[in-house]
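Architecture at a glance
Single-letter residue listing:
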Amino acid sequence: MSRITATFSKLKEEGRKALIPYVTAGFPFAAITPSLMHGMVEAGADVIELGVPFSDPMADGPTIQRAGDKAIANGVGLSQVLAYVAEFRKKDQTTPVVLMGYANPVERYDQIHGEDAFVNHAAAAGVDGVLIVDYPPEECEEFAAKLKARDMDLIFLLAPTSTEERMQQVARVASGYVYYVSLKGVTGSGALDTSAVEAMLPRIRQHVSVPVGVGFGIRDAQTAQTVGQVADAVIIGSRIIDLLDNQPHEKIVPLAIDFLRGVRKALDA
């Protein structure tokens, strides 16, 4: 059983919802990521999504694009991201870590380090799940099997435009959880229509047996609480990046803790 599955099972027993914060690795400072991850756990995060910086993201809005550009300027790529996870694991052996990113860095990593290097090195570092935005489910069965053999989950996005057929394709290969993109658009865009989310989740659950997390557009504790009433997890990314952008080094972790504690309290209310 993966750490992600174990975490969701425990939360279900406790009648609680997962809080999944996202941060771009290497943002806003190259070496702050492990400390920031520990701070998020201290504040009540159940799973951490760690963005792999990439120069040409297709699903990320301007906020996360900007964070990725800063991380790349800080010299952070996939090798450094794996090193951050390994550093985090020295003190935390229980909180699941999901890498979120794009095909290009993963495939380039294998070109440089050898076949299946990404899967092997991610497992060795302590990664628990992988979400590759531009990997379609119908082309991922072999990759999913390799991850599963190392107790890692392959996570997929579903959207308001996803057809029943696409949900079935995702259900065949997804594990850990699925990430429901609550908006038509990029990360951090638009106002969240919680009634539309509420209507969509039963459709998804007809096909998908793993937990469903909702992200893209959750910006405060109140929205998180509303979404948490229907979803298994609440995913927050752009709001955290906005909060930390242009802040001095010493304020980064305290700001993240303070914000996430408020969300955690609302989710548990």
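Relevant structure appears above.
Below: a short report on this structure. (Residues numbered from 1 in each chain as written. Predicted model: local features only at pLDDT ≥ 70, side-chain atom pairs only at ≥ 80, totals over all residues. Heavy atoms only, no water.)

Observations concerning the sheet that holds strand S1 (residues 18–24)
Backbone hydrogen bonds are what pair the strands of a sheet, in a parallel or an antiparallel way. Quick note on the threshold: Pairing between strands requires that DSSP locate at least two bridges from one strand to the other. Secondary structure follows DSSP: runs of H or I at least 4 residues long count as helices, runs of E at least 2 residues long count as strands, and numbering of each begins at the N terminus. In what follows, a contact means two residues having at least one pair of non-hydrogen atoms within 4.5 Å. In this description, a line fitted to the C-alpha atoms serves as the axis of each element, helices being fitted only across the stretch in contact, and the angle between N-to-C directions of two axes falls anywhere from 0 to 180 degrees.
Strands sit in the order S5-S4-S3-S2-S1-S9-S8-S7-S6 across an open sheet of 9 strands; the sheet is parallel. Only two strands of the sheet have a single partner each, and these edge strands are strand S5 (153–154) and strand S6 (157–158). Sheet topology places S1 next to strand S9 (residues 233–236); 4 bridges connect them, and they run parallel. Bridge pairing in S9 places Pro21 opposite Ile236. Here helix H1 (residues 3–14) sits on the sheet and contacts S1, strand S3 (97–101), strand S4 (129–132), S5 and S9; the angle it forms with S1, its principal contact strand, is near 140°.

A word on the environment of Gln222
For clarity, the cut-off: Each residue is assigned to one of three classes by its accessible area relative to the maximum for its type, calculated with a 1.4 Å probe on protein chains only: buried under 20%, partly exposed between the two thresholds, exposed over 50%.
On the secondary structure map, Gln222 appears in helix H10 (residues 221–228). Exposure remark for Gln222: the relative accessible area of 62% places this residue in the exposed category. In this structure the C-alpha to C-alpha distance between Gln222 and Pro248, which are 26 residues apart in sequence, comes to 27 Å.

A few points about unusual backbone geometry
A negative phi angle is the norm for most residues apart from glycine, just as the trans form is the norm for most peptide bonds. Following Phe27, the chain continues to Pro28 via a peptide bond in cis, the omega torsion being -5°. Relative to the elements of secondary structure, Pro28 occurs in the loop between S1 and helix H2 (33–42). A positive phi angle is found at Asp116, which is not glycine, with a value near 65°. Note that Asp116 resides in the loop between helix H5 (103–113) and helix H6 (117–125). Judged by its relative accessible area of 23%, Asp116 is partly exposed. The backbone of Asn246 sits at a positive phi, close to 65°, despite the residue not being glycine. Take Asn246: it is sitting in the loop between helix H11 (238–244) and helix H12 (249–268).

As for the packing of aromatic side chains
Note the following rule: Here a pair means two rings of Phe, Tyr or Trp (six-membered ring of Trp) with centres within 6.5 Å. Their orientation is stacked below 30 degrees between planes, edge-to-face above 60, and tilted elsewhere.
For the coordinates displayed, the defined rule picks out 4 aromatic pairs. With 5.4 Å between their ring centres and 85° between their planes, Tyr135 and Phe143 make a pair best called edge-to-face.

Function cannot be inferred from these measures alone, as they are strictly geometric.
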